[in-house]
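Close look at the chain arrangement
For reference, the chains in residue letters:
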Amino acid sequence: GLKHIQAIAPYVGGRPISEVAREYGLDESKIVKLASNENPLGMPKSAQQAMLKAANELGRYPDSNGFELKQVLSARLGVPTDWITLGNGSNDILELSARAVAQMGDEIIFSRHAFAVYPLASQSVGAKAIEVDPTAQFGHDLPAMLRAVIASGEKAKLVFVANPNNPTGSYLSAQEIEDFLVAVPPHVVVVLDEAYNEYLAPEQRYDAIAWVKRFPNLILSRSFSKAYGLAGLRIGYGVAQPALTDLLNRIRQPFNVNSLAQAAAVAALQDEAFLQQGYELNRAGLAQLTQAFDELHLPYLPSAGNFVLVKVGDDDGAGAQMNLALLRRGIIVRPVGNYGLPQWLRISIGLPEENAAFIQALRDIVSSTK
Ligand code: PMP
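Reading guide: rules and limits
Residues numbered from 1 in each chain as written. Predicted model: local features only at pLDDT ≥ 70, side-chain atom pairs only at ≥ 80, totals over all residues. Pairing = 2+ DSSP bridges. Helix = DSSP H or I, 4+ residues; strand = E, 2+ residues; numbered from the N terminus. Buried ≥ 20, exposed ≤ 12 C-beta atoms within 10 Å, placed from the backbone. Domains from an automatic or database assignment. Contact = placed C-beta atoms within 7 Å. Expected span 1.5 Å × (residues − 1).

1. Quick notes on the sheet that holds strand β11 (residues 334-335)
Overall, antiparallel pairing links the three strands, which are arranged β9-β12-β11 in an open sheet. Strands at the two margins of the open sheet, each flanked by one partner only, are β9 (307-311) and β11. In this sheet, strand β12 (residues 344-348) lies alongside β11 in antiparallel orientation, the contact comprising two bridges. Considered in β12, the bridge of Arg334 is made with Arg346.

Quick look at the structure:
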């Protein structure tokens, strides 16, 4: 293999329920998985119905250009359809962005503790990944990222910014992002990854579409995997001005988004009630978890997403050790040692009873090791 490919650290996902059940001799139905920032409500019923209807046409190829979904998105977002790229999950958009603008010897800039696909997408095109030191709270330090872009000069081709970021849950204000977009040289493309955007509180929300209209070097990346509950179908989209969108569309696989996903996404986009229910459930679940962490005197980071990062010990084995103890009790969460955070665990926010099962297990473990 090529050296830059061999250097890539493989992506580590949440462990599947069936595998954990087998390994720890547990009943699958009793396992609680809070490991992949999935929607605890599952898929919206509206999307399920649309998908089943679309299943009758599976003998045909998907619509390569996603006509119907783009119509709905276009009306919703207030941009023409040629500003939209559909992706096989928003991961696809992240990767297409790297492939469209960067190659061997170029540089791609992002924050330390940012989403794991940024280094993956960067290294797979042979670009050098520049990791910028985060803020004290592990958030993106945008002024420092800007300095890194400037220092990189002509080599800098792309910057990944996640808002909120996974796994830290950190949030950037509209002013911080806008100052950054204004200052970034126009030859550098900025991907603003908004996979968890729908979980932002009303006072945290901002008009990213206005930025796309203003900045020809901006790509917004959005997902149907989280708030819309369609993680298993793999669908997301990018929004950018037509010149940049055209590049992404040229290099994507012609049928990168399957027909079931397209049909489900059209339905999910129109299901306001599902989105609202998920939002409220998430707010309540976050309060439930953080209250338990307070009681157990475990530090955690404020989160703007559907997950929370909690510090479970002071030594570098703490995260892995607690993860194992939780697995034995049938609770799957996400260790984040591969993100450079070995003392922490990332907990996805679940249903109230799932959160409670996790909290009970955590209490048991903490009290048995005192
Ligand atoms: N961006 C961030 C910050 C994420 O956490 C994730 C999911 N883990 C994604 C993008 C990709 O999600 P998907 O490909 O399912 O849309």
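2. Concerning the pairing of strand β7 (residues 218-223)
Burial analysis of β7 places six of its six residues in the buried class, which makes it a mostly covered element. Every second residue of β7 is oriented toward a common face, with Leu218, Leu220 and Arg222 on one face and Ile219, Ser221 and Ser223 on the other, all of them buried. Pairing of strand β6 (residues 189-193) with β7, which is carried by four bridges, proceeds in the parallel orientation. Opposite Asp193, over in β7, you have Ser221 as the bridge partner.

3. Describing unusual backbone geometry
Backbone torsion omega between Asn163 and Pro164 reads -5 degrees, so that peptide bond is classified as cis. Structurally, Pro164 can be placed in the loop between β5 (156-162) and α8 (174-183). The step from Asn166 to Pro167 runs through a cis peptide bond, and the omega angle for that step is 15 degrees. For Pro167, the position within the fold is in the loop between β5 and α8.

4. Looking at the domain arrangement of the protein chain
Domain annotation for the protein chain reports domain 1 (3-30 + 273-368) and domain 2 (45-269). The interface is formed by 25 residues belonging to domain 1 together with 24 residues belonging to domain 2. Broken down by secondary-structure element, the contributors of at least two residues to the side of domain 1 that touches domain 2 are α1 (3-6), α12 (272-295) and β9. The dominant element in the side of domain 1 that touches domain 2, judged by the number of residues it contributes, is α12, at five residues.

5. Re α12
Helix length check: α12 (24 residues) gives 35 Å between terminal C-alpha atoms against 34 Å at 1.5 Å per residue, within 8%. Every buried residue belonging to α12 is among Phe274, Gly278, Asn282, Gly285, Leu286 and Leu289, and all of these are buried. Buried residues belonging to α12 abut α3 (45-54), α11 (259-269), β9, β12 and α14 (352-368). Positive backbone phi, approximately 55 degrees, marks His297, located one or two places after α12.

6. Section: the environment of Ile219
Locating Ile219 in the fold gives a position in strand β7. Judged by the 28 C-beta atoms lying within 10 Å of it, Ile219 falls in the buried class. As a C-alpha pair, Ile219 and Tyr11 span 208 residues in sequence and 23 Å in three-dimensional space. Residues in contact with Ile219, not counting those within four places in the same chain, are Ser97, Val189, Val191, Gly238, Ala240 and Leu244.

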